[in-house]
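Take a look at the letters that make up each chain.
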Amino acid sequence: MSHKEEIIKVGISIGDLNGIGSEVILKCFEDSRMLEICTPVIFGNSKPLSYIKKTIDNNTAIQGIDSLSQIVPNRLNVLNLWKENVNISFGKNDPIVGKYAIKSFVAATEALKNGEIDVLVTAPINKYNSVDEEFKYPGHTDYLNEQLEGQALMLLVSEDLKIGLLTDHLPIQDVAKAITPELIEQKVKTINDTLIQDFNIFKPRIAILGLNPHAGDGGVIGNEELTIIKPTVEKLNEEGILISGPFPADGFFGSGTHKHFDAVIACYHDQGLAPFKAISFGHGVNYTAGLDKIRTSPDHGTAYEIAGKGIADETSFKEALYLAIDIYNNRTRNIEAAANPLQPQEKDFSTKKFDN
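Residues numbered from 1 in each chain as written. Predicted model: local features only at pLDDT ≥ 70, side-chain atom pairs only at ≥ 80, totals over all residues. Heavy atoms only, no water.

Trainee: What is the right way to read the sheet that holds strand β9 (residues 242-247) from this model?
Mentor: By definition, the strands of a sheet pair up through backbone hydrogen bonds, in either a parallel or an antiparallel sense. Strand order across the open sheet formed by twelve strands is β3-β4-β2-β1-β5-β12-β11-β6-β7-β10-β8-β9, with mixed pairing between neighbours. In the strand order of this sheet, the two ends are held by β3 (62-65) and β9, each with one partner. Going across the sheet, the axis of each strand differs from the next one's by a mean of 25°, ignoring polarity. Here helix α5 (residues 140-147) sits on the sheet and contacts β5 (119-122), β6 (150-157), β11 (285-291) and β12 (294-298); the angle it forms with β6, its principal contact strand, is near 150°. Each of β6, β7 (162-165), β8 (205-209), β9, β10 (263-266) and β11 is contacted by helix α7 (residues 181-197), which is oriented at about 65° to β6, the strand it contacts most. (Pairing = 2+ DSSP bridges. Helix = DSSP H or I, 4+ residues; strand = E, 2+ residues; numbered from the N terminus. Axes fitted to C-alpha atoms, helices over the stretch in contact; angles between N-to-C directions. Contact = heavy atoms within 4.5 Å.)

Trainee: What is the right way to read α5 from this model?
Mentor: Along an α-helix, residues three or four apart share an orientation, since each turn contains 3.6 residues. Taken as a whole, α5 has its buried residues at H140, T141, Y143 and L144. Across the axial projection of α5, the buried residues extend over an arc of 165°, all falling on one side. Those residues of α5 that are buried are in contact with α3 (95-113), β5, β6, β11 and β12. (Buried < 20%, exposed > 50% of the residue type's maximum accessible area, 1.4 Å probe, protein only. Arc of directions from axis to C-beta.)

Trainee: Please clarify how the nonpolar core should be interpreted in this entry.
Mentor: Within soluble globular proteins, side chains that are nonpolar generally end up buried alongside one another. Judged by nonpolar contacts, the single largest core of 71 residues is most densely connected at V10, F29, F199, Y287, F317 and L321. In terms of residue count, the dominant contributor to this core is helix α11 (residues 315-339) (nine residues). For F317, the contacting residues outside a window of four places in its chain are I12, V24, I25, C28, F29, V121 and P298. Grouped together as the second largest cluster of nonpolar side chains are 22 residues, I71, A108, L120 and L148 included. (Core = buried A, V, L, I, M, F, W, Y, C linked by side-chain atoms within 4.5 Å.)

Here it is as structure tokens:
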């Protein structure tokens, strides 16, 4: 069976049940045509999902299963990881609910590692109620980096903008000392390879932002640009990677300079996510690049303030699902092309997107 005929198994971690994660999942698959492009399996339990369905007046049919060997095509499968009831209080920060979110994520990651699912899409968790002695990671990315092969990089993706991070969940006071030539080289090469392998961009153009205001103003406001970033950029250029910068971050996006590049690298979390969400919020995807397996997630959090009201927008979750499938197809196509370099390859493996 060719990969174009294959129905991809999409694992979905359930996220924080007191947030909007389950709602956007259910809304995504309320359009039954979504089941034509993938076979989804939620790692969680059918009881809370049935309760949430009733609360938000959702008609999506779910199929409870007790093992991954029981996955049913053309249905929204729910793998029952636990039997006990979970008390759902929409909008509440609940450590007990947080533990179930992590239970779901860890089980889904294990299935991804074992090849029991093809890609993983994660619903949002609340870091404040999910980090404990058993799960000490500040987010999905850090855990995946430990469990999977490769070097994880947070890459925010939308139709016209891709932003990668040199550092992600670090306090601001630790950012400057974390940025080294070695880190920059690693992250730039990861993004470059990702753009080629996962997005089919043959010769990517990459921009890197400065760490300091005005990119240091020639050393007047910090010298990391002169001593670390610029020399590393020049070294990477000599190796054939098309990277420019460092650019002052404040005017880079407002001037539209980002439109001239295939990806932008920010030095720290908010330097990248603030402009990305201002430009693409609600349509963006968080992609964990650099790993041997594929994981995406929507660009929003648990949104406690609207949980259980039936008004959450599923667009970003749907985009995360589309992107995971597209990247899987791109990787498969590139593997086949490398194995059969003289055999013509089919040109279009993108997912079908449906009008609402």
